[in-house]
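Survey of secondary and tertiary structure
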Amino acid sequence: MSDTHVADVNLVLRSTRVVTPGGTRPASIAVAAGRIAAVLPYDAAVPAGALLEDAGDHAVLPGLVDTHVHVNDPGRTEWEGFWTATRAAAAGGITTLLDMPLNSLPPTTTVADLRVKQDVARPKAHVDTGFWGGAVPGNTKDLRPLHEAGVFGFKCFLSPSGVEEFPELDQEQLAGALAEITGFGGLLIVHAEDPHHLSAAPQRPGPRYADFLASRPRDAENTAIANLVAQARRLDARVHVLHLSSADALPLIARARAEGVRITVESCPHFLTLTAEEVPDGATEFKCCPPIREAANRDLLWQGLADGTIDCVVSDHSPCTGDLKTPDFASAWGGISSLQLGLPAVWTEARRRGHTLEDVVRWMSSAPAELAGLTRKGAIEAGRDADFAVLAPDETFTVDPAELHHRNRVTAYAGRTLHGVVRSTWLRGTRIVENGTVAEPTGRLLERND
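Below you will find a few notes about this structure. (Residues numbered from 1 in each chain as written. Predicted model: local features only at pLDDT ≥ 70, side-chain atom pairs only at ≥ 80, totals over all residues. Heavy atoms only, no water.)

Here's the deal with the pairing of strand β12 (residues 238-241)
Relative to β12, strand β11 (residues 188-191) is paired through three bridges, and the arrangement is parallel. The residue bridging Ile 189 from the neighbouring strand is His 240, located in β12. Looking at chain direction, β12 and strand β13 (residues 262-267) are connected through four bridges and run parallel. Bridge pairing links Arg 238 to Arg 262 in β13. (Pairing = 2+ DSSP bridges. Helix = DSSP H or I, 4+ residues; strand = E, 2+ residues; numbered from the N terminus.)

What to know about the packing of aromatic side chains
A complete count under the given rule lists eight aromatic pairs for this structure. When the ring of Phe 154 is compared with that of Phe 184, the centres are 5.9 Å apart and the planes differ by 65°; the resulting orientation is edge-to-face. One end of the pair, Phe 154, is in strand β10 (residues 154-157); the other, Phe 184, is in the loop between α5 (171-183) and β11, and 30 residues separate them in sequence. On the accessibility criterion, Phe 184 (12% relative accessible area) is buried. Each ring, one from Phe 212 and one from Phe 329, has its centre 5.7 Å from the other, and the planes form 20°; the classification is stacked. Placement of Phe 212 in helix α7 (residues 209-215) and of Phe 329 in the loop between β14 (312-313) and α12 (342-352) is noted, with a sequence separation of 117 residues between them. Take Phe 212 and Phe 329: they sit in the same class, and that class is buried. Clustering of aromatic rings is evident, with ring pairs tying together Tyr 209, Phe 212 and Phe 329. Sitting above the plane of the Tyr 42 ring, Arg 14 keeps its charged end 5.3 Å from the centroid. The side chain of Arg 76 reaches across the aromatic face of Trp 79, ending 5.3 Å from its centre. (Phe/Tyr/Trp six-rings, centres within 6.5 Å; stacked < 30°, edge-to-face > 60°. Buried < 20%, exposed > 50% of the residue type's maximum accessible area, 1.4 Å probe, protein only. Lys NZ or Arg CZ within 6 Å of the ring centre and 35° of its normal.)

Encoded structure:
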């Protein structure tokens, strides 16, 4: 660090456990103008005029990056909104999130719609916030303008989305959208369930989770992913599989990647920490699509994380009002709220399986940042934004829905005891959360290549 940089340093964050790309070690992080100026030895001198914050033995992680969040604002703000979603994110150690293009009204399928959403988000964002565009039937002409306006990529569904204003693509429409997106070097992110397998599956309304699970079979995911791989291979397209639930698809994905297909994959905290066997009948707070599957499937998902087939872990935070979580699994809204709880949920299971905080940082910060091209996020190293989560990894807490910042405090994690308490969250060198108290919003709106 040059003398000029030393003069600019206004904060030094020190801990005996700083998780860096080179490993976890005692270090002092020097911050200047909202960015990391240097990662220094633990006992480095504090520049004159700089504030020293000593985190003791708490772990300092790069702020988490959640690339899969349904904020629903504007239009369905009774379900969630930028104010509440970004507060919950900040409280959970997330400093950057990307908003999905559907469940808001309007959906983000044109540049005009994007501008509406940006205007709503700008004064409410507690964390840095970016946006995905949507690929739906008939909007191929809007994809390049959206790309040029700064969306991070495009989401599509291959089966019904659950909201009529965001229809799914059939295979011909998928090919057309993918060809257009590949033409300008974009990314397509895909809800991969095959509609034919879903329509052929038994549909039994009611409170039994086993009936709901049978209605969303693994073959629906496996077939949709196989078709997506074939399209991506043909076009040399870049594609990303959202919320992988079926571990059966992992060998196919690994083979495709080995053959040069540009495919990445995410899974979610609920698939990695919850199991079908433990879902009580009528407990539709556990409903999501694709569904939470059996414990043996969960074990294989963890294996896919360990061997790198699954790249990242993101929330798929998809909230709704409590009345939409009816006891009937067929009619209840499908979505799990976990923005505030993803880090402790994943860390609790990861530590039990012998994984480290370095692994969790790779899955929940570095890899999502890389997926979205957020080169200033996702790591504690010089030049990156000074975004941090200070975690007490050995402390536990029991999830009390009343303490969540989500607008609707329906959660599949209620009553669970989790490891990992977020003590503070820092955004570009400013503390935005301290012991659960969230400051006024200072998040910025992000565009691709920011």
